[in-house]
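Structural overview for review
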Amino acid sequence: METELKFEQIQCYDLLTKAVTTHEETTETTLPDYCATASRILDATGQLLVREKQAAEGLLRGEVRVSVLYLSEETEGLQSVTIMVPFTCEINEPKLRECHMLQVHSRLLLCEAKPITGRKLYLRVIPELTVLGYGQRILRLCSGAEGKGLQVRVKKRDLCLLAAVEERSCTTAQEFDVGSSGAEEILLSQVVPRITSCQQIGSKVVVKGEMDISALIRAADRKLQGIVQTLPFSQILDGITVPSECRLQVEAAPAEWDLRLVRSDSACRMGLTARITLQVYAYQKREICYIDDLYSICQSLKTQVENSTITQRVSPACMREWAEEQLESGRGTLFAYVTAFDCGSAIARCDNGRAELATTVRMRVLYQDENGAPVMAERSREISTVMEGCPDTVWVTSGIAELRGNAGTCQVRIPVCFCGCVGEPVELRTVTAVEECAEDKPQPRPSLVLRRPCSGECLWDIAKQHGSSEEAIKRCNHMDDDTIPEGMLLIPVLRS
């Protein structure tokens, strides 16, 4: 009977590549007719939205939602206009073409607006995009062998693999009360989705989350007011190819949104319509069995082995910290609103199995001076945390700012989350092919060999060298396990 090998394919996903790119866009735009003429620009803030990702072409498309806050001589109070600045970014990274899904972390390095005339603005934005490309890996392992007098050595490894990655999108539309003071205009809005839970039910994944909304409004009395609201959302994702008994992780990012005033005779409400991008990651623990060596006690075999590498991945660890700033005023209640906040790139230092992560959070705060005029202030804070393990990929996200006002002071707190993804390469040595070798002149062999084991030898090595088997050596030497006794060892030769 000829020796036959059976193979099993292990499919998983891994981080194939990481690319960082910056892109500059400039445009000139004319203020809509309903907007007052701009006399002085107070601030320009933007939120970057990635709408389309084409891994095969290495293209990213989206837009920067730029909100310009300005003052006008034509009317009283703070004015605003929102302009969409589209961008298309091509990433020259060949491995992106092999990726099944792209995870993009973005931030704005620059967002500025300058007046050309009272009705015309010059906009300049520089987004930075960090792209993580996830692709499929197929590992071919020898899982079985049949043949005359065959002895096989089976290895077992418990691994945690990224079993599936999928991307979906969903929409949500809701309304909520503004308050008794009402609202005349929404000057600025920020929307940050986050996932609170996810559950696999058959081929479906039930995702629940919350939309954190922050809005700067001008009330009917022309005063500024900040509104923070949290709205729940849920989505059932169908047709997700996720193996059973997996640990799921879902990440959410806004693709687009519209926040508007909904007026009625009885109350003033806000309506939100948003499209959210959902990325599903499934992590599976499984035992892998494979043959890493074999031989025959009946004939000579030439065995080929190959080292394959697979990456163990666990769901990213996330550590939350707070960037805090204290604003003070010599008068009563201080109004303040965070118009923009940005986390710089995370700096990671690994030592003794732990990672120290640090970043700089920059924020721009709008407040009113003693005369009630709007003023901008910039602040920055260094924050850090410690994470177990040494992640090969680190990113930073931030949430909606919290403001707590007291007499003459206002405390600003921004939640910052450090996320680290640890990938541990595991090398597996497995048989890939076997060939039967005919001996020209059979050499006489002793039926029993007596020798002392060499340093570092295992029972398998001794049995293979002398054409015996591990079980035969154990029986001959009255051994209960694979521990090689000291002294001489009796080795029965089974190969004819």
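For the structure itself, look to the data block above.
First, a word on what this report is: a plain description of the structure on this page. What you see is a predicted model, and the numbers here were worked out from it, not measured in a lab.

With that out of the way, let us pick up the sheet that holds strand S11 (residues 224–237). A sheet is described by the order of its strands in space; here three strands give the open sequence S9-S10-S11, paired in antiparallel fashion. Every other strand in the sheet has two partners, leaving strand S9 (185–201) and S11 as the edge strands with one partner each. With direction set aside, neighbouring strand axes in the sheet form an average angle of 15°. Sheet analysis places S9 next to strand S10 (residues 204–218), joined by 15 bridges and oriented antiparallel. Within the sheet, the bridge partner assigned to Leu-188 lies in S10 and is Leu-216.

Once that is clear, we can look at the sheet that holds strand S5 (residues 78–90). With respect to topology, three strands assemble into an open sheet ordered S3-S4-S5, the strand pairing being antiparallel. The sheet is open, and its two borders are formed by strand S3 (40–54) and S5, each paired with just one other strand. Taking the axes of each pair of neighbouring strands and ignoring which way they run, one obtains an average angle of 15° across the sheet. Where strand S4 (residues 59–71) and S5 come together, 13 bridges link them in antiparallel fashion. Bridging from a neighbouring strand, Tyr-70 pairs with Gln-79 of S5.

Another point: the environment of Leu-187. Residue position: Leu-187 is located in strand S9. With a relative accessible area of 1%, Leu-187 lands in the buried category. Remark: the alpha-carbon pair of Leu-187 and Ser-80, spanning 107 residues in sequence, is separated by 5.3 Å. Apart from the residues lying within four places of it in its own chain, the contact partners of Leu-187 are Leu-69, Leu-78, Gln-79, Ser-80, Leu-216, Ile-217, Arg-218 and Leu-224.

The subject of this paragraph is the pattern of salt bridges. Going through the model one piece at a time under the given rule, you end up with 35 salt bridges. Between Asp-292 and Arg-153 there is a salt bridge, with the nearest N and O atoms lying 3.0 Å from each other. Note that Asp-292 is positioned in strand S13 (residues 268–296) and Arg-153 in strand S8 (residues 150–177), a separation of 139 residues in sequence. The exposure class assigned to Asp-292 is buried, which follows from its relative accessible area of 6%. For Arg-194, the salt bridge identified is with Asp-212, shortest N-O distance 2.6 Å. With Arg-194 in strand S9 and Asp-212 in strand S10, this pair connects stretches of sequence that are 18 residues apart. The exposure class assigned to Arg-194 is partly exposed, which follows from its relative accessible area of 35%. Through salt bridges with shared partners, a single network forms among Arg-51, Glu-63, Glu-256 and Arg-275.

Here we come to unusual backbone geometry. Despite not being glycine, Asn-352 shows a phi value in the positive range, around 55°. Checked against the element boundaries, Asn-352 lands in the loop between strand S17 (347–351) and strand S18 (354–368). One non-glycine residue, His-478, lies in positive phi territory at about 55°. Looking at the element boundaries, His-478 is found in the loop between helix H2 (470–476) and strand S24 (489–492). Take His-478: its relative accessible area is 71%, and that puts it in the exposed class.

Within soluble globular proteins, side chains that are nonpolar tend to cluster in buried spots. Of all hydrophobic cores here, the largest spans 35 residues; its most connected members are Ile-217, Leu-259, Met-270 and Leu-272. With eight residues, the single largest contributor to this core is S13. Leaving out residues up to four positions away in the same chain, Leu-272 has contacts with Thr-172, Ala-173, Gln-174, Val-191, Met-211, Ile-213, Leu-231, Trp-257, Asp-258, Leu-259 and Arg-260. The next biggest cluster of nonpolar side chains, apart from the first, holds 33 residues, and it includes Ala-44, Val-66, Val-85 and Leu-121.

In this section: a negative patch on the surface. Taken together, Glu-2, Glu-4, Glu-435 and Glu-436 make up a surface patch of like negative charges. With respect to the helices, strands and loops of the structure, Glu-4 is situated in strand S1 (residues 4–22). Residue Glu-4 is classed as partly exposed on the basis of its relative accessible area, which comes to 49%.

The rules behind the values
- Residues numbered from 1 in each chain as written.
- Predicted model: local features only at pLDDT ≥ 70, side-chain atom pairs only at ≥ 80, totals over all residues.
- Heavy atoms only, no water.
- Pairing = 2+ DSSP bridges.
- Helix = DSSP H or I, 4+ residues; strand = E, 2+ residues; numbered from the N terminus.
- Axes fitted to C-alpha atoms, helices over the stretch in contact; angles between N-to-C directions.
- Buried < 20%, exposed > 50% of the residue type's maximum accessible area, 1.4 Å probe, protein only.
- Contact = heavy atoms within 4.5 Å.
- Salt bridge = Lys/Arg side-chain N within 4 Å of Asp/Glu carboxyl O.
- Core = buried A, V, L, I, M, F, W, Y, C linked by side-chain atoms within 4.5 Å.
- Patch = residues over 30% accessible without salt bridge, like charges linked within 9 Å, V, L, I, M, F, W, Y side chains within 5 Å.
- Areas by Shrake-Rupley, 256 points an atom, 1.4 Å probe, with all protein chains shown as cover.
- Lys, Arg positive; Asp, Glu negative; His and termini not counted.
- Charge placed at Lys NZ, Arg CZ, Asp CG, Glu CD.

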